[in-house]
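Overview (structure and organization)
For reference, the chains in residue letters:
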Amino acid sequence: MNNIPNHVAIIMDGNGRWAQEKGKKRSEGHKEGGKTLEKLALYAKKLGIKVLSVYAFSTDNFKRSKEEVDFLMDLVIHYFNNKLNKVCDEGIKIIFSGRREPLRDDVLEAMDKIVEKTKNNTNCILNICINYGGQEEIVDASIKVANDLRIGKIKENDLNRETFLKYLYQDLPPIDLLIRTGKEHRLSNFMLYQSFYAEIYFVDTYFPDFLENDFDIAIEYYISRNRTFGNVKTN
Ligand code: FPP
């Protein structure tokens, strides 16, 4: 495929409803979502996508029941310690975006371990957003900017939309294609700064069922768009 997007982001929504509609517990949906994520990461690498960002847990997801939060945290630990071997072996580098506080120590430990294990991989980046909020990221970056201004490391004139990027959790290229599965049409505080010119693709499919073929359709949608970046259309 030509014109493959450089950075694709996914709001992996609909795990709970996928399970509930099958008469299963919500946790079964998260488990199945984990399997889908693994498949898509491998597929993104195969297609030549440079960065895949995924929304695994928002700062607001802490409002869910303790049982569901604990299940999700245990699941991510299980994935980072045992399940992502293929992803690591395929040369995918895993990084995280989000606040560390108030994540559990065992979660942080598993995250740090997989970052260390994959730090020299160069085929594709899997940016996993955990305890992540887009507004929180901009606030956290602004605090770092204010500090650098105060200590004279930068001057006001040094600041522009590119240099501000360096203060975000990760220094990533802009999002080209943002996919949201699971019927809802909103951004839910996801990567607000990085998605400034993203093409947005909403699809009804619940995340566990969003497989390689559905990903291809999303990419084809992206390729069909005429991106003008504020300019006028040329054809
Ligand atoms: C949104 O669906 C999904 C989540 C809050 C969790 C996403 C987590 C995974 C895909 C599990 C694996 C993650 C890693 C990093 C291994 P929802 O629960 O809001 O679904 P609903 O809208 O149908 O209730």
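What counts, and at which threshold
- One numbering rule holds for all chains: residues counted from 1, following each sequence as written.
- It should be noted that, the model being predicted, local features are given only for residues of pLDDT at least 70 and side-chain atom pairs only at 80 or more, the latter also being counted only at that level, while totals for whole chains, interfaces and linings use all residues.
- The basis for every side-chain value is the complete set of heavy atoms in the structure, and neither hydrogens nor water enter the calculation.
- Patch definition: residues above 30% relative accessible area lacking any salt bridge, with like charges linked at up to 9 Å and the nonpolar side chains Val, Leu, Ile, Met, Phe, Trp and Tyr linked at up to 5 Å.
- Areas reported here follow the Shrake-Rupley algorithm with a probe of radius 1.4 Å; residue values treat only the protein chains shown as occluding.
- The term salt bridge refers to a pairing of a side-chain nitrogen on Lys or Arg with a carboxyl oxygen on Asp or Glu at a separation within 4 Å.
- Three labels apply to residues, based on accessible area from a 1.4 Å probe with only protein chains included: buried if under 20% of the type maximum, exposed if over 50%, partly exposed otherwise in between.
- Joining through side-chain atoms within 4.5 Å is the link that ties buried Ala, Val, Leu, Ile, Met, Phe, Trp, Tyr and Cys residues into a set, and such a set is a nonpolar core.
- Numbering of helices and strands runs from the N terminus, with a helix taken as a DSSP run of H or I at least four residues long and a strand as a DSSP run of E at least two residues long.
- Contacts are residue-level and defined by heavy atoms, with any inter-residue pair within 4.5 Å sufficient.
- Cavities and pockets were defined on a 1 Å grid built from protein atoms only: a cavity is a group of points that admits a 1.4 Å probe but offers it no way out, a pocket is an open group of points flanked by protein on both sides within 12 Å along at least five of seven lines, and a lining residue is one with an atom within 4 Å of any such point.
- Grid points are joined across faces, edges and corners, and a volume is the space filled by probe spheres set on the points.
- Residues are grouped as follows: nonpolar covers Ala, Val, Leu, Ile, Met, Phe, Trp, Tyr, Cys and Pro; charged covers Asp, Glu, Lys and Arg; every other residue, Gly included, is treated as polar.
- The angle between two axes is taken between their N-to-C directions and runs from 0 to 180 degrees, where each axis is a line fitted to C-alpha atoms and a helix contributes only its stretch in contact.
- Throughout, the term roughly parallel applies to angles under 35 degrees, roughly antiparallel to angles over 145, roughly perpendicular to angles from 65 to 115, and oblique to all others.
- Each crossing is labelled by how the near helix is turned from the far one, with a counterclockwise turn of less than a right angle marking it left-handed and a clockwise turn marking it right-handed.

1. Regarding a nonpolar patch on the surface
Taken together, Leu187, Ile200 and Phe202 make up a surface patch of nonpolar side chains, about 200 Å² in accessible area. When its relative accessible area of 31% is taken as the criterion, Phe202 is described as partly exposed.

2. Here's the deal with the nonpolar core
Membership of the largest hydrophobic core comes to 46 residues, with the highest contact counts inside it found for Ile10, Phe80, Leu126, Ile179 and Phe215. When residues of this core are assigned to their parent elements, the largest contribution, eight residues, is made by helix H3 (residues 66–83). Excluding anything up to four places from it in sequence, Leu126 contacts Leu37, Ala41, Leu52, Val54, Ile92, Lys93, Ile94 and Ile95.

3. As for the layout of surface pockets
Put simply, the largest pocket is a space of about 690 Å³. Contributing to the lining of the largest pocket are 31 residues, with Met12, Asn15, Tyr55, Ala56 and Asn61 lying nearest its centre. Contributing elements (two or more residues each) for the lining of the largest pocket: helix H1 (15–20), helix H2 (26–47), strand S2 (51–58) and H3. When the residues that make up the lining of the largest pocket are grouped by side-chain class, the tally is 14 nonpolar, 10 polar and seven charged. Space inside the second largest pocket adds up to approximately 180 Å³. Contributions of two or more residues to the lining of the second largest pocket are made by strand S3 (92–97) and helix H5 (105–118). For the lining of the second largest pocket, a count of residues per class yields six nonpolar, three polar and three charged.

4. Examining the packing of H2 against H3
Interaxial distance between H2 and H3 falls to 10 Å at its minimum, and their mutual angle equals 30°. With respect to their mutual orientation, H2 and H3 come out roughly parallel. Crossing geometry of H2 relative to H3 is assigned as right-handed. Each of Arg26, Ser27, His30, Lys31, Gly34, Lys35 and Glu38 in H2 lies in contact with H3, whose residues at this interface are Glu68, Phe71, Leu72, Leu75, Tyr79 and Lys83. When its residues are assigned to classes, the contact of H2 with H3 shows four nonpolar, three polar and six charged.

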